[in-house]
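Inside the fold
Each chain, written out:
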Amino acid sequence: MTELLSQHHMLGLVLGLCTFLIIGIFHPITIKCEYYFGDGCRWWFLVLGLGAVAGSIWVTDPFWSSLLGVLAFSSFWTIGEIKEQRRRVERGWFPANPKRNRQK
């Protein structure tokens, strides 16, 4: 994959596009996870991030290794965003899940 993209001088562009998509996908995931599962789902993102770090180290292809690194740090960033999303819900910026008991 890397050789083909490098030959056509597209490696940076494709990595940038994939990074943009990964970050864009994590935004609604953050909102939905906080809505349905609350703060407890932060551990899922820690596990996902650690797994992606391990994968990034293990994979030898620079393209896939880079994408796994982006996935890892997007997951780590989401841990903090889940906490921020809870604050946004408390402020009324986003709807709270009426079926879930919120405790402070």
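Since the model is a prediction, treat every value here as computed from it, not as a measurement.

Summed over all chains, the structure comprises 4 salt bridges. R86 is the partner of D39 in a salt bridge, and the nearest nitrogen-oxygen pair spans 3.1 Å. Note that D39 is positioned in the loop between α2 (11-37) and α3 (42-58) and R86 in helix α4 (residues 62-91), a separation of 47 residues in sequence. Note that E84 is salt-bridged to R87, the shortest N-O span being 2.4 Å.

Moving on, we get to the packing of aromatic side chains. In total, this model carries 6 aromatic pairs according to the counting rule given. Between Y35 and Y36, the ring centres sit 4.9 Å apart and the planes meet at 85 degrees, which makes this aromatic pair edge-to-face. Residue Y35 is classed as partly exposed on the basis of its relative accessible area of 23%. Under the relative-accessibility criterion, Y36 is labelled partly exposed at 47%. Ring geometry for F63 against W64: centres 4.9 Å apart, planes inclined by 85 degrees, an arrangement best described as edge-to-face. When its relative accessible area of 42% is taken as the criterion, W64 is described as partly exposed. Three or more aromatic residues link up through ring pairs in this structure, and these residues are Y35, Y36, F37 and W44. A cation sits over an aromatic face here: R91 above W93, 4.9 Å from the ring centre.

Rules used in this analysis
Residues numbered from 1 in each chain as written. Predicted model: local features only at pLDDT ≥ 70, side-chain atom pairs only at ≥ 80, totals over all residues. Heavy atoms only, no water. Salt bridge = Lys/Arg side-chain N within 4 Å of Asp/Glu carboxyl O. Helix = DSSP H or I, 4+ residues; strand = E, 2+ residues; numbered from the N terminus. Phe/Tyr/Trp six-rings, centres within 6.5 Å; stacked < 30°, edge-to-face > 60°. Buried < 20%, exposed > 50% of the residue type's maximum accessible area, 1.4 Å probe, protein only. Lys NZ or Arg CZ within 6 Å of the ring centre and 35° of its normal.

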